[in-house]
Amino acid sequence: MTRADSPATPARYLMFPLLAALIWSVNMIVTKMAAGLISPAVIGFYRWTLAGVLLTPFALPGLWRQRRLVWPYLPKFAVLGGLGMALYQGLAYVAAGSTTATNMGIITAMIPLLTIAVGALVLRERPSALALLVGLLSLAGLALLIGEGDPTRLLSVGANHGDVLMGVAALAYALYGVLLRRWGLPVGPWVSLYVQVAFGVLFQLPGFLMAPASPINGDNLPLVLYAGVFPSLFAPFLWMQGVRHLGPNRASVFLNLMPVGTVAIAAVFLDEKPHLFHIIGGAMALAGVMLAQMRAPFAGWRRARAAS
């Protein structure tokens with residue numbers, strides 16, 4: 001069957017990654033709104049504890065059946081839980097205190113490109129000349145964004161503390177994705193998520209215990225509930241369904257909608273009006289990410305045509 005003859009993708013399959021990206025975009029706004037209303041260590045702990053409690057009835061029976069299979073891989077689950085649950089989102093909650101949701105959304109959009117870079121180091125996947133070129137394009141856009149329109153400003157003033165933390169968070173999540181692919185843990189996605197969440201809660205417990213008192217109240221409770229349910233449980237489920245029906249390359253394209261959604265929602269709910277440097281820098285960064293993501297599908301299509 002040629003590409004032109006392939007059946008059209010049902011629209012309902014496209015909704016899976018689209019809704020996941022929208023949920024994650026809203027979570028950026030929730031993360032920013034949480035700053036000042038609840039301690040970063042407290043909301044991080046409550047979020048993953050709530051997610052773990054809700055997952056328990058569904059994932060614990062499977063974990064018990066596969067306990068002997070899971071046991072040898074506990075150190076790897078611990079690393080993944082530390083990177084993906086504790087470090088990534090924990091740093092994002094801290095970063096929200098000193099940067100905008102707009103910047104957070106655009107920096108997070110760099111994760112696919114950072115994944116390529118980390119994969120080149122960890123998996124020894126040699127990047128192509130095109131990958132290096134689009135990487136430079138994205139970095140230039142990011143420098144324009146963080147430098148607030150003047151990249152040379154970074155040399156004299158330095159980057160915003162929150163932007164740096166968000167960059168480290170994005171790098172941690174990129175490493176998380178690479179290790180998840182490299183290790184290929186032999187359990188189902190829900191059992192894997194459940195064990196990672198458990199380690200995420202464990203790693204955040206010391207910070208929670210040492211954090212200043214930050215009680216749950218009417219202002220921050222909706223933020224905790226949203227973070228613990230939608231981006232922690234619903235979005236991963238929708239994303240897994242999208243990858244299942246569309247494949248990882250086609251599904252990943254929808255991640256490029258996250259910064260657009262974050263900027264639009266932040267403008268409405270947080271009064272963060274985008275400036276010209278947001279538009280130009282964000283467009284350059286996203287162009288690099290999109291080109292990097294499109295490179296693999298087109299390369300595979302060309303190879304298929306050559307073989308036919």
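Structure report, in brief. (Residues numbered from 1 in each chain as written. Predicted model: local features only at pLDDT ≥ 70, side-chain atom pairs only at ≥ 80, totals over all residues. Heavy atoms only, no water.)

End to end, helix α2 (residues 40-65) covers 35 Å across 26 residues, agreeing with the expected 38 Å (1.5 Å per residue, within 8%). Along α2, the sharpest change in direction is near 65° and occurs at T56; proline P57 comes one to four residues later. Turning to α2, its buried residues are V42, I43, G44, F45, R47, W48, A51, G52, L55, A59, G62 and L63. Here the buried face of α2 lies against α1 (11-34), α3 (67-70), α4 (74-95), α10 (189-210) and α11 (221-246). (Helix = DSSP H or I, 4+ residues; strand = E, 2+ residues; numbered from the N terminus. Expected span 1.5 Å × (residues − 1). Bend = angle between axes of the 7 residues up to and from the residue. Buried < 20%, exposed > 50% of the residue type's maximum accessible area, 1.4 Å probe, protein only. Contact = heavy atoms within 4.5 Å.)

A contiguous nonpolar surface patch, about 390 Å² in accessible area, is contributed by M15, L18, L19, L22 and L257. No other element matches the 4 residues that α1 contributes to the nonpolar patch. Mapped onto the fold, L22 is located in helix α1. (Patch = residues over 30% accessible without salt bridge, like charges linked within 9 Å, V, L, I, M, F, W, Y side chains within 5 Å. Areas by Shrake-Rupley, 256 points an atom, 1.4 Å probe, with all protein chains shown as cover. Salt bridge = Lys/Arg side-chain N within 4 Å of Asp/Glu carboxyl O.)

Working note: α-helix, 3.6 residues per turn, so residues spaced by three or four point in the same direction. End to end, helix α6 (residues 111-122) covers 15 Å across 12 residues, agreeing with the expected 16 Å (1.5 Å per residue, within 8%). Burial in α6 covers these residues: I111, P112, L113, V118 and G119.

Take the environment of L50 next. Tracing the chain through its elements places L50 in helix α2. A residue is classified by how much of its surface remains accessible, and L50, at 22% relative accessible area, is partly exposed. For the pair L50 and V224, spaced 174 residues apart in sequence, the C-alpha to C-alpha distance is 8.6 Å. Sequence-distant contacts of L50, defined by excluding residues within four places in its chain, comprise V224, L225, G228 and V229.

Pairs of aromatic rings are described using the distance from one ring centre to the other and the angle between the two planes. Per the stated rule, a full pass over the model turns up 11 aromatic pairs. Centroid distance F45 to F208: 4.2 Å. Interplanar angle 15°. Geometry classified as stacked. Of this pair, F45 sits in helix α2 while F208 is found in helix α10, placing the two residues 163 residues apart along the sequence. Like F208, F45 is buried. Here the aromatic cluster, defined as three or more aromatic residues joined through ring pairs, consists of F45, Y46 and F208. Across from the ring centre of W64, 3.9 Å away, lies the NZ or CZ of R67, which sits over that ring. (Phe/Tyr/Trp six-rings, centres within 6.5 Å; stacked < 30°, edge-to-face > 60°. Lys NZ or Arg CZ within 6 Å of the ring centre and 35° of its normal.)

The next point concerns the side chain of S214. When you line up the elements, S214 lands in the loop between α10 and α11. Taking the relative accessible area as the measure of exposure, S214 reaches 14% and is therefore buried. Separated by 2.9 Å, the side chain of S214 and the backbone nitrogen of S39 make a polar contact. Contacts of S214, omitting those with residues within four sequence positions, involve L37, I38, S39 and V42. (Polar contact = N/O pair within 3.5 Å; in protein donor to acceptor, adjacent residues only side chain to side chain.)

In this section: the packing of α6 against helix α9 (residues 161-183). α9 packs onto α6 with a crossing angle of 55° between their chain directions and a minimal axis gap of 8 Å. When the interaxial angle is binned, α6 and α9 end up oblique. You can see that α6 and α9 cross each other, and the crossing is right-handed. Counted together, I111, L114, T115, V118, G119 and V122 of α6 and A170, L171, Y173, A174, L175, V178, L179 and R182 of α9 form the full contact between these two elements. Grouping the constituent residues of the contact of α6 with α9 by class yields 11 nonpolar, 2 polar and 1 charged. (Axes fitted to C-alpha atoms, helices over the stretch in contact; angles between N-to-C directions. Parallel < 35°, antiparallel > 145°, perpendicular 65-115°, else oblique. Left-handed = near helix turned anticlockwise from the far one by under 90°. Nonpolar A, V, L, I, M, F, W, Y, C, P; charged D, E, K, R; others polar.)

This part is about the nonpolar core. Formed by 50 residues in total, the largest nonpolar core has its most connected members in V70, F77 and V195. When residues of this core are assigned to their parent elements, the largest contribution, 9 residues, is made by α11. If we ignore the near neighbours within four places in the chain, the residues touching F77 are V70, L185, V187, S192, V195, Q196 and F199. Core analysis: the next-biggest nonpolar cluster, separate from the first, contains 13 residues, A92, I107, M166 and A170 among them. (Core = buried A, V, L, I, M, F, W, Y, C linked by side-chain atoms within 4.5 Å.)

Structurally, N220 can be placed in the loop between α10 and α11. The buried category is assigned to N220, whose relative accessible area is 0%. A distance of 2.9 Å separates the side chain of N220 from the backbone nitrogen of N217, its partner in a polar contact. Excluding residues within four positions of it along the chain, N220 makes contact with L37, I38 and P215.

Looking now at the environment of T115. Among the structural elements, T115 can be located in helix α6. For T115, a relative accessible area of 21% gives the class partly exposed. With 57 residues separating them along the chain, T115 and A172 place their C-alpha atoms 9.6 Å apart.

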